[in-house]
Amino acid sequence: MTTQPTLIAPNWSAPKNIFAYTTTRIGGVSGGVYRGLNVGGHVGDHEKNVAVNRAMLPEAQKIVWLNQVHGNDVVALNSNEHFAHIPKADAAITDSSTYHCAVMTADCVPILLCDSEGTQVAAVHAGWQGMYKEIIAATVARFNCEPEHLMAWIGPSICGDCYEVDRELAQRFQEYPEAVSPGKRQDKFQLDLPTVAEYQLSQIGVGRIFYSKLCTYCQADTFYSHRRATHNGQSTTGRIVSVIGLR
Ligand SMILES: [Zn+2]
């Protein structure tokens, strides 16, 4: 069995010098609940396996990994210090080809952003907490151009049909009516995180928005899903990573 990673190229029309991919769980050397290409070093997998998996990624040496905390801090990548001292942030932005932005996810929405000139790129970890704290707007505000000159790709995440939430969480997103629908079970709701991301991106004025339309919960062989792991009685699972950089 090959350990070579199977990667997803964003289905968008970014400038030629933009380098971007999302990993899947296919490939890699991790076992058990992490089976495949787990790149999460904080989820209980063997450190050595995570290091081997990460080293297999294209341009791995340029990736700046984040300590993601479901907040709204955005780090600007501009120093080799980031490799030694992992930034605590849920989004990264750069105008340097020396550093690649990367966010890890397992149901949350990874969002990749670039400007139409191909001079700045960003990656955002957007779960419900991050979007509630408006991390997308915080990231877009760090670009040196008007939002209309930006394009965004909404990567693989849990879909609205698979993400059941309680009333309290659903109410936090009631300003996005199409993102919340009645649940399949009583007193439950379905929350569509990619649709929340789309709303926020378009409200901010991001010019072009593209979608992967891939669900991490539905496609068990391809992705890690925190919700699916929970449903299977597992307390943890692996992570994929979405990477973007300049060339
Ligand atoms: Zn789904």
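Residues numbered from 1 in each chain as written. Predicted model: local features only at pLDDT ≥ 70, side-chain atom pairs only at ≥ 80, totals over all residues. Heavy atoms only, no water.

Chemist: It is not clear to me how the side chain of Ser30 should be interpreted in this structure. Could you clarify?
Modeler: By the secondary structure assignment, Ser30 is in the loop between strand E2 (18-23) and helix H1 (47-55). Looking at Ser30, the relative accessible area reads 7%, which means it is buried. A polar contact of 2.9 Å, which involves the side chain of Ser30, links it to the side chain of Asn53. Residues in contact with Ser30, not counting those within four places in the same chain, are Arg35, Gly36, Asn38, Asp45, Asn49 and Asn53. (Helix = DSSP H or I, 4+ residues; strand = E, 2+ residues; numbered from the N terminus. Buried < 20%, exposed > 50% of the residue type's maximum accessible area, 1.4 Å probe, protein only. Polar contact = N/O pair within 3.5 Å; in protein donor to acceptor, adjacent residues only side chain to side chain. Contact = heavy atoms within 4.5 Å.)

Chemist: Would you take a moment to explain the pattern of salt bridges for this structure?
Modeler: In a structure, side chains of opposite charge can pair up when their charged atoms sit close to one another. Using the criterion set out here, one finds four salt bridges in the structure. Measuring nitrogen to oxygen at the nearest pair gives 2.8 Å for the salt bridge that ties Arg247 to Glu59. Taken together, the residues Arg247 in the segment after strand E13 (240-246) and Glu59 in the loop between H1 and strand E3 (74-76) connect sequence positions 188 residues apart. By relative accessible area, Arg247 is classed as exposed at 59%. Ionic pairing is found between Glu164 and Arg185, a salt bridge with its closest N-O pair at 2.7 Å. Of this pair, Glu164 sits in strand E9 (residues 164-166) while Arg185 sits in the loop between strand E10 (180-182) and strand E11 (188-191), and the two are 21 residues apart along the sequence. Here Glu164 falls in the buried class, since its relative accessible area comes to 18%. (Salt bridge = Lys/Arg side-chain N within 4 Å of Asp/Glu carboxyl O.)

Chemist: What exactly am I supposed to notice about the pairing of strand E8 (residues 150-154) here?
Modeler: Each regular strand displays side chains that alternate between the two surfaces of the sheet. Among the five residues of E8, five are classified as buried, and the element is accordingly described as predominantly covered. By the alternation rule, side chains of E8 split into Leu150, Ala152 and Ile154 and Met151 and Trp153, which are all buried. Note: strand E6 (residues 109-115) against E8, five bridges, orientation antiparallel. What sits directly across from Cys114, in E8, is Met151. The sheet contact formed by E8 and strand E12 (residues 208-211) spans four bridges and is parallel. (Pairing = 2+ DSSP bridges.)

Chemist: Explanation requested: the coordination of the zinc ion in the structure shown.
Modeler: Ideal geometry at a metal gives 109.5 degrees between four tetrahedral donors and either 90 or 180 degrees between six octahedral ones. The coordination sphere of the zinc ion contains the protein donors Cys159 (SG), Cys162 (SG), Cys215 (SG) and Cys218 (SG), at a distance range of 2.2 to 2.4 Å. Written as a sequence motif, the donor arrangement for the zinc ion is C-x2-C-x52-C-x2-C. (Donors = N, O, S within 2.8 Å, 3.2 Å for Na, K, Ca; no water.)

Chemist: Got a minute to help me understand the sheet that holds E9 in this structure?
Modeler: Note on sheets: strands pair through backbone hydrogen bonds, and any given pair is parallel or antiparallel. Overall, antiparallel pairing links the three strands, which are arranged E9-E11-E10 in an open sheet. With partners counted over all chains shown, the strands left at the sheet margins are E9 and E10, one partner each. Across the sheet, the mean angle separating the axes of adjacent strands is 45° when strand polarity is ignored. When E9 meets E11, the two strands line up antiparallel, connected through three bridges. By the bridge assignment for E11, Val165 is matched with Phe189. (Axes fitted to C-alpha atoms, helices over the stretch in contact; angles between N-to-C directions.)

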